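Listed here are the chains, written in short residue letters.
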Protein chains: 2
Amino acid sequence: MNNHFVETPEPPYIAVIFTFELRPDDREGYEARLAEMNALAIQQDGFLGEEGVRLDNGRGLTVSYWRDMDAVDAWRRHVVHLAAKKAGREKWYQQYTLRIAEVAFAKTFAAGE
Amino acid sequence: MNNHFVETPEPPYIAVIFTFELRPDDREGYEARLAEMNALAIQQDGFLGEEGVRLDNGRGLTVSYWRDMDAVDAWRRHVVHLAAKKAGREKWYQQYTLRIAEVAFAKTFAAGE
């Protein structure tokens, strides 16, 4: 999940900011379910990519990008995703904050360009 | 900079999403300048907090939260911050993407609540 530098279109588009802390238990179960969800997410209409980092202490931050709010809503209501989120709250997450935001401005920098 | 779980007001407010990769050189110089900038940022009117993680490989992702776009613009134009950003491009950053987004929805979860 340590992706970086998703190439997004010109704004506007949607950013879903997910800040989390995992419980210490069942990291393997979490990793397996996360991999399934990531594989499913990239198949969704309107998914643009995800940037994220996670530390060894179980804290992490990911931002996924979506074409529009309809695409986000469809993913949030996806039945397989709903089941995974329920399991996440019951078994894996100590705490999280989810924020949905409309990107209004973006710029990139690369050294030497 | 590995803060977590900034308490933000009800939306709308602004999220500044900063995805970056550092060059291997002069990490101490970078850390010192970053600490200065963080100390200055928290003094700015409208700054709500920052969530971020950085990996040992120099890749990282931070999200800072601001009351409104005017607060973001004032910080982006702050003369000390402008000088630090110039130094960042010249010396420390290999690559970055900056996105400014309006948070429309937020929810939190905590296990056991």
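On a predicted model such as this, the values are computed, not experimentally measured, just so you know.

Calculation rules
- Residues numbered from 1 in each chain as written.
- Chains lettered and ligands numbered in written order.
- Predicted model: local features only at pLDDT ≥ 70, side-chain atom pairs only at ≥ 80, totals over all residues.
- Helix = DSSP H or I, 4+ residues; strand = E, 2+ residues; numbered from the N terminus.
- Rg over C-alpha atoms; globule rule 2.2 N^0.38 Å.
- Buried ≥ 20, exposed ≤ 12 C-beta atoms within 10 Å, placed from the backbone.
- Core = buried A, V, L, I, M, F, W, Y, C linked by C-beta atoms within 7 Å.
- Contact = placed C-beta atoms within 7 Å.
- Axes fitted to C-alpha atoms, helices over the stretch in contact; angles between N-to-C directions.
- Parallel < 35°, antiparallel > 145°, perpendicular 65-115°, else oblique.
- Left-handed = near helix turned anticlockwise from the far one by under 90°.
- Nonpolar A, V, L, I, M, F, W, Y, C, P; charged D, E, K, R; others polar.
- Pairing = 2+ DSSP bridges.
- pLDDT = per-residue confidence, 0-100.
- Least-squares fit on C-alpha atoms with pLDDT ≥ 70 in both.

Q: Quick question: what am I supposed to make of the overall build of chain A here?
A: Summing up its helical and strand segments, chain A has 3 helices and 4 strands in all. Secondary structure of chain A in N-to-C order comes out as β-α-β-β-α-α-β. For 113 residues, the compact-globule estimate of 2.2 N^0.38 gives 13 Å, and the C-alpha radius of gyration of chain A, at 15 Å, lies within 12% of that figure. Across the 113 residues that make up chain A, the buried fraction comes to 24%.

Q: What am I meant to see in the nonpolar core here?
A: A general tendency of soluble globular proteins is for nonpolar side chains to be buried together. Among the nonpolar cores identified, the biggest contains 26 residues, and Ile14, Ala15 and Ala101 of chain A together with Ile14, Ala15 and Ala101 of chain B are the most heavily contacted of them. Residue assignment for this core shows that the elements contributing at least two residues are β1 (13-22), β3 (59-66) and β4 (93-110) of chain A together with β1 (13-22), β3 (59-66) and β4 (93-110) of chain B. Once residues lying within four places of it in the same chain are set aside, the contact partners of alanine 101 of chain A are Ala15 and Ile17 of chain A together with Ala15, Ala101, Glu102, Val103 and Ala104 of chain B.

Q: Can you help me understand the packing of helix α1 (residues 27-41) of chain A against helix α3 (residues 79-92) of chain A in this one?
A: What describes two packed helices is the angle between their axes and the distance between those same axes. Residues and elements named next belong to chain A. Relative to each other, α1 and α3 sit at 155 degrees, their axes nearing to 11 Å. Taken as axis vectors, α1 and α3 run roughly antiparallel relative to one another. Crossing of α1 against α3: the hand is left-handed. Across from Gly29, Tyr30, Arg33, Met37 and Leu40 in α1, the residues of α3 making contact are Val80, His81, Ala84, Ala87, Lys91 and Trp92. Its residues assigned to classes, the contact of α1 with α3 comprises 7 nonpolar, 2 polar and 2 charged.

Q: Honestly, the sheet that holds β4 of chain A in this entry has me stumped. Any pointers?
A: Picture the strands of a sheet paired through backbone hydrogen bonds; they go either parallel or antiparallel. Strand order in the open sheet formed by 8 strands is β2(A)-β3(A)-β1(A)-β4(A)-β4(B)-β1(B)-β3(B)-β2(B), with antiparallel pairing between adjacent strands. Taken across any chain shown, the strands that pair with only one partner, and hence form the sheet edges, are β2 (47-54) of chain A together with β2 (47-54) of chain B. Between one strand axis and the next, the sheet turns through 25 degrees on average, direction left out of account. Taken together, the 10 bridges between β1 of chain B and β4 of chain B define a ladder with antiparallel strand orientation. Its bridge partner being in β4 of chain B, threonine 19 of chain B is matched across the sheet by threonine 97 of chain B. Along the sheet, helix α2 (residues 69-77) of chain B makes contact with β1, β2, β3 and β4 of chain B, crossing β1 of chain B at roughly 35 degrees.

Q: Is there a simple way to explain the interface of chain B and chain A in this structure?
A: Many descriptions give the size of an interface as the accessible area lost when the pieces come together. With 36 residues of chain B at the interface, the matching set in chain A holds 36 residues. Listed by contribution, the elements that provide at least two residues to the side of chain B that touches chain A are β1, β2, β3 and β4 of chain B. With 18 residues, the single largest contributor to the side of chain B that touches chain A is β4 of chain B. With 15 bridges joining them, β4 of chain A and β4 of chain B adopt antiparallel strand pairing. Following the sheet pairing, alanine 106 of chain A is matched in β4 of chain B by arginine 99 of chain B.

Q: Explain the confidence of the model for chain A here, please?
A: One rule of thumb: low pLDDT means the predicted coordinates there are not for detailed reading. Model confidence for chain A is summarised by a mean pLDDT of 94, while 97% of its residues fall at 70 or above. Across the assembled chains, the prediction reports ipTM 0.94 with pTM 0.95.

Q: Please explain the relation of the copies chain B and chain A as it appears in this structure.
A: What connects the two chain copies is a rotation about an axis and a shift along it. Superposition of chain B onto chain A requires a rotation of 180 degrees combined with a translation of 0.0 Å along the rotation axis, giving an RMSD of 0.0 Å. On the angle and the small slide along the axis, the relation comes out as a two-fold axis.

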